[in-house]
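# Working through the structure, step by step
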Amino acid sequence: YGGMGLDFSYNIAVAEELGNIRCGGIPMAIGVQAGMATPALTRFGSHELKKQFLVPTIAGDFVACLGISEAGAGSDVANIKTTAVRKGDEYVINGGKMWITSGTQADWMCLLANTSEGPPHRNKSLICLPMNLPGIHVARKIDKLGMRSSDTAQIFFEDVRVPCKNLIGEEGKGFTYQMLQFQEERLWGVATAMTPLETIIQETIEYTRQREVFGQPVLHNQTVHFRLAELATELELLRSLLHRAVALYVEGNDVTKFASMAKLKAGRLTREVTDSCLQFWGGMGFTSEVLVSRFYRDLRLMSIGGGTDETMLSIICKYMEILPRK
């Protein structure tokens, strides 16, 4: 279908390289296209669906978006309310999606919707939804703290009709498909943060070496250079966890626990690094003229998007079997 047929470790190599882009929005948009909106279609979609949606998406002719989150259901995927009711050979879709990356420009959406009244983990399906159909309303482009080069939309569906053949895989398996995709999404997110954090630390070293306060470079204060050494150490530990999780995943293992640990640590470390380094830049750090202030805003999303820190902790606890069983 136009891809290179390489294993997932190459996705991570690309994600780390994309970190050289001096903002978070562009790597995130590419990540949605390559590793969030398309994996379920790649794994479970019909040949016809792949020809219609996957081929032009891989070629870059189509922009894809992922329609999971709603105003009342972010990390709590099971609580989504959007419905796709089967009528004849069509689904009729009603509801809405929130915080949709690339939503104002997308050609199609990988939509998660309730297709039955059954249990919340078995009543959902993924559907390839062309975004030019009647009844799809892009309500607004959301103004955000960071990731400002990436458009994020609120979208409503009003009696949108889509052919049943646009169903990805089996009806009722959408939640399961989405959970499988989250492993790759979270590892990609971690990988895109590695290079920016490394860059921020290095640029802070260079700046504090030049900037003098009370007759000596800021870097020569033990508080400063010890803190930078600690942050660099934490970053290398995160890199090791990421690469271990990827290696296990490529071998076919379930790495949900390790991916969740890496995502949790990445979210917290991006806050630590950007906050500590911005402080060492002094007044310059509070301007929009330096990279550290941009990543301070952009990387804050790491602890929210793709599952919050609290969701990651819940998953880790589940795999460690330290929560009471229901």
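What you are looking at is a predicted structure, and each value in this text was computed from that prediction instead of being measured.

Helix and strand counts for the protein chain come out as 9 helices and 10 strands. Along the first, second and third principal axes, the C-alpha atoms of the protein chain reach 80 × 40 × 40 Å. In the protein chain, which comprises 326 residues, the share counted as buried stands at 50%. Nonlocal contacts in the protein chain, meaning residues at least 24 apart in sequence, comprise 75% of its contacts between residues at least 6 apart. Summed over its atoms, the accessible surface of the protein chain is roughly 15800 Å², and 54% of this surface lies on carbon and sulfur atoms.

The next point concerns helix α9 (residues 309–320). For α9, which comprises 12 residues, the first-to-last C-alpha distance of 16 Å matches the rise-based estimate of 16 Å (1.5 Å per residue) to within 8%. Looking only at α9, the buried set comprises Asp309, Met312, Ile315 and Ile316. Each buried residue of α9 sits inside an arc of 120° when the element is viewed along its axis, so together they form one side. For α9, exposure combined with an orientation more than 90 degrees from the buried face picks out Glu310 and Lys318. Check the buried side of α9 and you find it contacts α5 (174–210) and α7 (256–280). The positive-phi residue at the C-terminal boundary of α9 is Glu321, with phi of around 60°.

This part is about the packing of α5 against helix α6 (residues 222–250). Packing of α5 against α6 leaves a shortest axis separation of 10 Å and a crossing angle of 155°. By the angle between their axes, α5 is roughly antiparallel relative to α6. Crossing hand, α5 versus α6: left-handed. Residues Gln183, Glu184, Leu187, Val190, Ala191, Met194, Leu197, Glu198, Ile201, Thr204 and Ile205 of α5 form the contact with α6, whose participating residues are Leu228, Leu231, Ala232, Leu235, Glu236, Leu238, Arg239, Leu242, Ala245, Val246 and Tyr249. Partitioning the contact of α5 with α6 into residue classes produces 16 nonpolar, 2 polar and 4 charged.

Once that is clear, we can look at the domain arrangement of the protein chain. It is common to give the size of an interface as the accessible area that goes away when the parts come together. Along its sequence, the protein chain is organised into domain 1 (8–170) and domain 2 (176–320). With centres defined by C-alpha atoms, the gap from domain 1 to domain 2 works out at 27 Å. At the junction of the two partners, domain 1 supplies 38 residues and domain 2 supplies 31 residues. Contact with domain 2 buries area across many residues of domain 1, yet Phe8, Glu16 and Arg22 alone supply 23% of it, more than any other trio. Inspection of the region where domain 1 meets domain 2 yields 3 salt bridges.

All right, on to the packing of aromatic side chains then. Inspection of the entire model under this criterion finds 4 aromatic pairs. When the centroid spacing of 4.1 Å and the interplanar angle of 5° are considered together, the rings of Tyr207 and Trp281 count as stacked. Note that Tyr207 is positioned in helix α5 and Trp281 in the loop between α7 and α8 (291–298), a separation of 74 residues in sequence. For Trp281, a relative accessible area of 9% translates into the label buried. For Arg186, the ring lying beneath its charged end belongs to Phe182, and the centroid distance is 4.4 Å.

Let's shift gears to unusual backbone geometry. With a phi angle near 60°, Trp99 is a residue other than glycine that sits in the positive phi range. If you trace the backbone, Trp99 turns up in strand β3 (residues 90–101). With a relative accessible area of 45%, Trp99 lands in the partly exposed category. Phi is positive for Ser102, close to 70°, though the residue is something other than glycine. Here Ser102 lies in the loop between β3 and β4 (108–114).

The subject of this paragraph is the UniProt feature "domain: Acyl-CoA dehydrogenase/oxidase N-terminal" (unreviewed entry) in the protein chain. Following the UniProt record, one finds the feature "domain: Acyl-CoA dehydrogenase/oxidase N-terminal" (unreviewed entry) at residues 1–61. Helix makes up 67% of residues 1–61 and strand 0%, and the two end C-alpha atoms of the span are 13 Å apart.

Cut-off values and rules
For every chain, the first residue of the written sequence is number 1, and numbering continues from 1 onward in sequence order. Whole-chain, interface and lining totals are the exception, using all residues; otherwise, since this is a predicted model, local features are given only for residues with pLDDT of at least 70 and side-chain atom pairs are given and counted only at 80 or more. Heavy atoms from the whole structure form the basis of all side-chain values; hydrogens and water molecules are not counted. Put simply, DSSP marks the helices as runs of H or I at least four residues long and the strands as runs of E at least two long, and each gets a number from the N terminus on. Three exposure classes are used, based on accessible area relative to the maximum for each residue type with a 1.4 Å probe and protein chains only: buried under 20%, partly exposed in between, and exposed over 50%. Contact definition: two residues touch when any of their heavy atoms are within 4.5 Å. Only the protein chains shown count as cover for residues, and the accessible areas themselves come from Shrake-Rupley with a 1.4 Å probe. A helix is expected to span 1.5 Å multiplied by its residue count minus one. Note that the arc is defined by the directions from the helix axis to the C-beta atoms. All axes here are fitted lines through C-alpha atoms, helices being fitted over the stretch that makes contact, and every angle between N-to-C directions spans 0 to 180 degrees. Geometric relationships in this document are graded by angle, where less than 35 degrees denotes roughly parallel, more than 145 denotes roughly antiparallel, 65 to 115 denotes roughly perpendicular, and other angles denote oblique. Two helices crossing with the near one rotated counterclockwise from the far one by less than a right angle form a left-handed crossing, whereas a clockwise rotation gives a right-handed crossing. Each residue receives one of three labels: charged for Asp, Glu, Lys and Arg, nonpolar for Ala, Val, Leu, Ile, Met, Phe, Trp, Tyr, Cys and Pro, and polar for the others, Gly being one of them. Those domain boundaries reflect an automatic or database domain assignment. By definition, the buried area sums, over both parts, the 1.4 Å-probe accessible area that each loses when the two are put together. The salt bridge definition used is simple: a Lys or Arg side-chain nitrogen within 4 Å of an Asp or Glu carboxyl oxygen. What counts as a ring pair is set by centres within 6.5 Å for rings of Phe, Tyr and Trp (its six-membered ring), and what kind of pair is set by the plane angle: stacked under 30 degrees, edge-to-face over 60, tilted for all other angles. Look at NZ for Lys and CZ for Arg. If either is within 6 Å of the ring centre and within 35 degrees of the ring normal, a charge sits over the ring. UniProt positions are given in the numbering used here, feature names are shortened, and annotations may be inferred rather than shown by experiment.

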